[in-house]
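# Survey of secondary and tertiary structure
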Amino acid sequence: TLMGKKVLITGAQGPISLNLVKELANFGPAHITLVANDDLALSRIEKFLIQHHPLLSRKFILSDCRTKTVTKEILDNARPDFIIICPFSQAPAMAEFNPAAVVETTLIPFLNILDVLEKHHLQNLIFISNTFAINAQSVLGQTYKLMEMIFTIYTQKNLFQKTKTLKAADNS
């Protein structure tokens, strides 16, 4: 249960993250830390929380997890009970023209988070995949499918006690 727990959400931009925060806030977490490199997305989430959950303790970090140093600093400071990895996903058409950007903004942060988490011994981890993984013909689909496979390997190594992969439809 999330009641009274500290939750960290990485990649907290886009409609998936906003909907996620709307749902999570109802479970009574003690604190939510949101990490995104989009100040407008963080502002939308903050506006929602001010209107609907003004007493919920929260922190917004305008950054990303593209480097292990920054990722470690974020985790060290947040000290979460739960981490929800919600990778940033670009528009599918743009991803096809910029596959290196997909790797840089999606896969690298994901790998950095898992690497740092392995050292933190965190027991509760949720990975929000995307429906792009169903159609793994696209760059995004292949990237998400790869992240799902890596996540499965990590969970099979018993590095995390409670893990889950959720599929989210991207309505952007």
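Note that this is a predicted model, so its numbers are computed, not measured. One numbering rule holds for all chains: residues counted from 1, following each sequence as written. At least 70 in pLDDT is required for a residue's local features to be given in this predicted model, at least 80 for side-chain atom pairs to be given and counted, and no such filter applies to totals for whole chains, interfaces and linings, which use all residues. Hydrogens and water are ignored here; the side-chain numbers use all heavy atoms of the structure.

## Some words on the overall build of the protein chain
Working definition: helices are DSSP H or I runs of at least four residues, strands are E runs of at least two. Numbering for both runs from the N terminus. Tallying secondary structure elements over the protein chain gives six helices and six strands in all. When the helices and strands of the protein chain are read in sequence order from the N terminus, they spell out β-α-β-α-β-α-β-α-α-β-α-β. Evaluated residue by residue, the protein chain yields a buried proportion of 47% over its 172 residues. Carbon and sulfur atoms provide 56% of the accessible area of the protein chain, an area that totals close to 9000 Å². When accessible area is computed with a 1.4 Å probe and restricted to protein chains, residues below 20% of their type maximum are described as buried, those above 50% as exposed, and intermediate ones as partly exposed. All accessible-area figures derive from a Shrake-Rupley calculation using a 1.4 Å probe, and residue coverage is judged against the displayed protein chains alone.

## Side note on the pairing of strand E4 (residues 82–85)
A two-sided burial pattern is seen for E4, the buried positions comprising Phe 82 and Ile 84 on one face and Ile 83 and Ile 85 on the other. Only strands joined by at least two bridges in the DSSP assignment are considered to pair. Here strand E1 (residues 6–10) pairs with E4 via four bridges, running parallel. When the sheet's bridge partners are listed, Val 7 is paired in E4 with Phe 82. Of the pairings in the sheet, the one linking E4 to strand E5 (residues 124–130) comprises three bridges and is parallel in character. Each bridged residue has a counterpart across the sheet, and for Ile 84 the counterpart in E5 is Ile 126.

## Some details on the packing of aromatic side chains
Any two of the Phe, Tyr and Trp rings considered here, Trp counted by its six-membered ring, make a pair once their centres fall within 6.5 Å; the pair's planes then place it as stacked at under 30 degrees, edge-to-face at over 60, or tilted in between. Tallying each qualifying case throughout the model produces two aromatic pairs. Both rings, one in Phe 110 and one in Phe 127, keep their centres 4.9 Å apart while their planes meet at 50 degrees; by these two values the pair is tilted. Here Phe 110, found in helix H5 (residues 99–120), pairs with Phe 127, found in strand E5; they are 17 residues apart in sequence, far enough to count as distant. Ring geometry for Phe 127 against Phe 151: centres 5.5 Å apart, planes inclined by 40 degrees, an arrangement best described as tilted. Residue Phe 127 is located in strand E5, and its partner Phe 151 is located in helix H6 (residues 139–156); the two are separated by 24 residues in the primary sequence.

## Regarding the nonpolar core
Of all hydrophobic cores here, the largest spans 27 residues; its most connected members are Ile 83, Ile 85, Phe 110 and Leu 114. Listed by contribution, the elements that provide at least two residues to this core are helix H3 (68–78), E4, H5, E5 and H6. Contacts are assigned to residue pairs with any non-hydrogen atoms lying within 4.5 Å of each other. Look past the residues within four positions of Phe 110 in its chain and what remains in contact with it is Ile 85, Phe 127, Met 147, Ile 150 and Phe 151. For our purposes a nonpolar core is just a set of buried Ala, Val, Leu, Ile, Met, Phe, Trp, Tyr and Cys residues, chained together by side-chain atoms within 4.5 Å. Among the nonpolar cores identified, the runner-up in size contains 22 residues, and Leu 2, Ala 12, Leu 20 and Leu 56 belong to it.

## Thoughts on the side chain of Asn 124
Position of Asn 124 among the secondary structure elements: in strand E5. Looking at Asn 124, its side chain comes within polar contact range of the main-chain oxygen of Asp 81, at 3.2 Å. N or O atoms closer than or at 3.5 Å make up a polar contact, with two conditions inside protein: a donor-capable atom paired with an acceptor-capable one, and, for residues adjacent in sequence, both atoms drawn from side chains.

## Quick word on the environment of Lys 119
When you line up the elements, Lys 119 lands in helix H5. The exposure class assigned to Lys 119 is exposed, which follows from its relative accessible area of 57%. A C-alpha to C-alpha distance of 9.5 Å links Lys 119 and Lys 72, two positions 47 residues apart in sequence.

## Some thoughts on the confidence of the model for the protein chain
The pLDDT value tells you how sure the predictor is about a given residue, anywhere from 0 up to 100. Averaged over the protein chain, the pLDDT score is 84; the fraction of residues at 70 or greater is 86%. Element-level pLDDT for the protein chain is lowest in strand E6 (residues 162–168), with a mean of 54, against a maximum mean of 96 in strand E3 (residues 57–62).

## Focus on the pattern of salt bridges
Between side chains of opposite charge, pairing is possible as soon as their charged atoms come close. Salt-bridge detection follows one rule: a side-chain nitrogen of Lys or Arg within 4 Å of a carboxyl oxygen of Asp or Glu. For the structure shown, the criterion picks out five salt bridges. Among the salt bridges present, the one from Arg 66 reaches Asp 64, with a minimum N-O distance of 3.1 Å. With a relative accessible area of 29%, Arg 66 lands in the partly exposed category. Here the salt bridges share partners, and the residues they tie into one network are Asp 64, Arg 66 and Glu 104.

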